[in-house]
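Letter by letter, the chains look like this.
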Amino acid sequence: MPVNQSVKNALTLIKNDPSKVLGLKVGTHEINPGQYVPKADAQSAPELSFPAVSPNGIYMVVGLDIDAPFPSFDVLGPILHWIQPDLRPTRSQNGTFALKTTAPFVANYIGPAPPPPSSPHRYIFFLYEQPANFEGKKYAPPNGQNLSNWNRMRYDLDAWEKKIGLRAPIAANYFESN
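Procedures and definitions
Residues numbered from 1 in each chain as written. Predicted model: local features only at pLDDT ≥ 70, side-chain atom pairs only at ≥ 80, totals over all residues. Heavy atoms only, no water. Helix = DSSP H or I, 4+ residues; strand = E, 2+ residues; numbered from the N terminus. Rg over C-alpha atoms; globule rule 2.2 N^0.38 Å. Buried < 20%, exposed > 50% of the residue type's maximum accessible area, 1.4 Å probe, protein only. Contact = heavy atoms within 4.5 Å. Areas by Shrake-Rupley, 256 points an atom, 1.4 Å probe, with all protein chains shown as cover. Lys, Arg positive; Asp, Glu negative; His and termini not counted. Charge placed at Lys NZ, Arg CZ, Asp CG, Glu CD. Core = buried A, V, L, I, M, F, W, Y, C linked by side-chain atoms within 4.5 Å. Pairing = 2+ DSSP bridges. Axes fitted to C-alpha atoms, helices over the stretch in contact; angles between N-to-C directions. Salt bridge = Lys/Arg side-chain N within 4 Å of Asp/Glu carboxyl O.

- With an unreviewed UniProt entry as reference, the protein chain is termed Putative protease inhibitor (Tfs1), source organism Aspergillus ochraceoroseus.

Okay, structure coming up:
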């Protein structure tokens, strides 16, 4: 599947406007776009922050591997790595907003796992304003189960955005890992 238009737009957005870079902390790494992170350091869900959110807003993050199974042969990609709705801003000491939730995921986070001998994959994260009528439970696997790998492959982000009424991402960031 070719890379979604949303992916192309987000990569262009953060290249042209650094104020749209999502704060992404992966393990001990504060991520600058395109930074390399060893896969062992990225097995837990990233911590998110962004200065330009509304204190009363509700947000959603989507994470994708856009290079699966190999950057030169991305027939299985993009692969969905995370959908977490109901993120709420909490002002942090540095004046930005940490985005946290206790709500169930739509797709549980999975860390990087490129097959050997792949070169690094790009893992991109999109921050959206969550539609007011969005009900995560409607889209989540039953009983909090993890989302199957089959439902993650060849993920169509553009279709997801349309299905639930997402507007363009307000921020994005990515790291590379293998």
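Back to the text.
**Notes on the overall build of the protein chain**
Right, so step 1: Helix and strand counts for the protein chain come out as 3 helices and 9 strands.
Right, so step 2: Listed N to C, the secondary structure of the protein chain is α-β-β-β-β-β-β-β-β-α-α-β in terms of helices and strands.
Right, so step 3: Relative to a compact globule of 178 residues, whose C-alpha radius of gyration would be 16 Å, the protein chain shows 15 Å and is just as compact.
Right, so step 4: Each principal axis of the C-alpha atoms in the protein chain carries an extent, and together these give about 45 × 35 × 30 Å.
Right, so step 5: Residues classed as buried in the protein chain amount to 44% of the 178 residues present.
Right, so step 6: Contacts in the protein chain between residues far apart in sequence, at least 24 positions, make up 77% of those at least 6 positions apart.
Right, so step 7: With an accessible surface of roughly 9,200 Å², the protein chain has 52% of that area assigned to carbon and sulfur atoms.
Right, so step 8: In the protein chain, the 16 positive side-chain charges and the 14 negative ones have mean positions that sit 4 Å from each other.

**Description of the nonpolar core**
Right, so step 1: Counting 23 residues, the largest nonpolar core has Val62, Leu64, Ile83, Phe126, Leu157 and Trp160 as the members making the most contacts within it.
Right, so step 2: Of all the elements in the fold, those that place two or more residues in this core are helix H1 (5–16), strand S5 (59–65), strand S6 (79–91), strand S8 (121–129), helix H3 (157–164) and strand S9 (171–177).
Right, so step 3: Those residues in contact with Leu157 that lie beyond four places of it in its chain are Asn4, Ser6, Val7, Val62, Leu64, Phe126 and Tyr128.
Right, so step 4: Listed in part, the 22 residues of the second largest apolar core include Leu22, Trp82, Tyr109 and Phe125.

**Considerations on the sheet that holds strand S1 (residues 23–26)**
Right, so step 1: Taken in spatial order, the 9 strands make up an open sheet running S2-S1-S4-S7-S6-S5-S8-S9-S3, and their pairing is mixed. Each of the sheet's edge strands pairs with one partner strand only, and the pair in question is strand S2 (29–30) and strand S3 (35–36).
Right, so step 2: As defined by bridge partners, S5 adjoins S8 across 7 bridges and the pair is classed as antiparallel. Counted as the bridge partner of Val62 is Phe126 from S8.
Right, so step 3: Along the sheet, H1 contacts S5, S8 and S9; its crossing angle with S8, the most-contacted strand, is approximately 85°.

**Topic: the pattern of salt bridges**
Right, so step 1: According to the stated counting rule, one finds 2 salt bridges in the structure shown.
Right, so step 2: Asp67 is the salt-bridge partner of Arg122, the closest N and O atoms lying 2.7 Å from each other. Pair noted here: Arg122 is in strand S8 and Asp67 is in the loop between S5 and S6, with a separation of 55 residues, a long-range link.
Right, so step 3: On the basis of relative accessibility, which here comes to 4%, the residue Asp67 falls in the buried class.
Right, so step 4: When the shortest N-O distance is used, the salt bridge between Arg167 and Glu129 registers 3.9 Å.

**Re the pairing of S9**
Right, so step 1: Among the 7 residues in S9, 6 count as buried, and that is most of the element.
Right, so step 2: Two strands pair when backbone bridges link them, and S3 and S9 are joined in this way by 2 bridges, in the parallel orientation. Within S9, the residue paired with Gln35 across the bridge is Phe175.
Right, so step 3: Taken together, the 7 bridges between S8 and S9 define a ladder with antiparallel strand orientation. If you follow Tyr123 over to S9, its bridge partner there is Phe175.

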